[in-house]
Amino acid sequence: MAIDVHAHFVPPDVLQTLADRGRDFGIDLVETEPGCHCCRFETGVQIRPFFDTILNVDHRLAEMDRQEIDKAVMTIWTDIFGTDLPAEKAEAWHRTLNDSLVGLCDAHAERFAWMASVPLQDAARAAKELERAMKAGAVGAIVSANVDNRNLGECPLDEFWAACVALKAPVFIHPTQPVAPPRAGKFALNQVCAYTYDTTLTVGSMISNGVMDRYPALELILSHGGGTLPWLIGRFDRMYHASNHQALGITAKAPPSDYLGRFHYDTILHHGPALRYLRDLVGVERMLLGTDLPFPPGDPDPLKSLRDAAFTEQEIRQIAEINPKALFGW
């Protein structure tokens, strides 16, 4: 059994809800060209248009069959989370998104599970929505790697992290850059670089600010192989040992490399040597199969990627089946 832990979808009824009452959430559904729509938030941020494959369940099931994926853990597209919305509107928006996933996954229970999104603008509201979603069948939470350009480790989220531990809800940290930074506006540098740095910055902040120490049972999944964290871990450790902790606000009890084994990492790296390095660094027990489909940087054949990287069949089974079943309690 192969389980994809990194798969995105937007149920089409979300667009109808936006068309009917998007103003309730502070979101306009804008038609950029005939039949093509995008979200424009009341803050002025306008994201990329929705595309057919993120809305089409038949296409998703066909792709899963082609990839030999038995089950996908579905998550909403993080760019539409609206991390700059007022907390009350964000709570209503994420409730709507989660309700839409309930309907989709209940209709395809053999193939889909889902992780809930939450309004990180307010930790209490986020914890409340996570509890509601878990009762409705969610297997965890997905959070954006920044809240209106603030690192998660610098946001007052302890009430939410405590709820994740209490509910035994794994948390999938996924980058979001709805508007590319100026230097990443061309050449796909937003997807290649800015997204992976987003993950690295926020995980670095969570380690350094003591989140991982305060919540030792918190289960975190890092997208895209952990961003650049595995490659920069020596630099993280060097600064931990060489810097003035009080001046920099570092409260971590141990060097950053000591926390690598606390995270789970998806396999979306597109490079055999990189996959083997990740395995050797954190252990095959911390790796999870991912596709990131239907986005272009996704892996169209993740099992083949592992085979091409010379992973054994037992290692592949560990990554694709044993690890996710253990993480989600299946």
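Rules and cut-offs
Residues numbered from 1 in each chain as written. Predicted model: local features only at pLDDT ≥ 70, side-chain atom pairs only at ≥ 80, totals over all residues. Heavy atoms only, no water. Helix = DSSP H or I, 4+ residues; strand = E, 2+ residues; numbered from the N terminus. Rg over C-alpha atoms; globule rule 2.2 N^0.38 Å. Contact = heavy atoms within 4.5 Å. Areas by Shrake-Rupley, 256 points an atom, 1.4 Å probe, with all protein chains shown as cover. Lys, Arg positive; Asp, Glu negative; His and termini not counted. Charge placed at Lys NZ, Arg CZ, Asp CG, Glu CD. Buried < 20%, exposed > 50% of the residue type's maximum accessible area, 1.4 Å probe, protein only. Arc of directions from axis to C-beta. Expected span 1.5 Å × (residues − 1). Bend = angle between axes of the 7 residues up to and from the residue.

A. Seen up close, the overall build of the protein. Within the protein, the secondary structure is distributed over 12 helices and 13 strands. Against the compact-globule benchmark of 20 Å for 330 residues, the protein has a radius of gyration of 19 Å, which places it among compact chains. By sequence separation, contacts in the protein at least 24 residues apart represent 72% of the contacts at least 6 residues apart. In the form shown here, the protein has an accessible surface area of approximately 14000 Å², with 52% of it arising from carbon and sulfur atoms. In the protein, 30 positive and 43 negative side-chain charges are present, and the distance between their average locations comes to 4 Å.

B. Representation of unusual backbone geometry in the model. Between Leu-293 and Pro-294 the backbone carries a cis peptide bond, its omega angle lying at 15°. Within the fold, Pro-294 resides in the loop between β13 (287-288) and α11 (302-308). Its identity as a non-glycine residue notwithstanding, Phe-187 has a phi of 65°, on the positive side. Positionally, Phe-187 belongs in the loop between β10 (171-174) and α6 (189-208). On the basis of relative accessibility, which here comes to 67%, the residue Phe-187 falls in the exposed class. Phi at Asp-292 takes a positive value of approximately 65°, unusual for a residue other than glycine. You can see Asp-292 is positioned in the loop between β13 and α11. Here Asp-292 falls in the buried class, since its relative accessible area comes to 4%.

C. Quick look at helix α2 (residues 57-67). Within α2, the full set of buried residues consists of Arg-60, Leu-61, Met-64 and Gln-67. Seen end-on, α2 carries its buried residues on one side only, within an arc spanning 130°. For α2, the exposed residues set more than 90 degrees away from the buried face come down to Asp-58 and Asp-65. Positive backbone phi, approximately 65°, marks Glu-68, located one or two places after α2.

D. Structural detail: helix α8 (residues 229-242). With 14 residues, α8 should reach 20 Å at 1.5 Å per residue; the first-to-last C-alpha distance of 19 Å fits that figure. Along α8, the helix axis deviates most sharply at Arg-235, where the bend reaches about 30°. Every buried residue belonging to α8 is among Leu-229, Pro-230, Ile-233, Asp-237 and Tyr-240, and all of these are buried. Where α8 is buried, its residues meet α6, β11 (220-222), α9 (245-248), β12 (263-266) and α10 (272-282).

The values reported here are purely geometric and, on their own, carry no functional implication.
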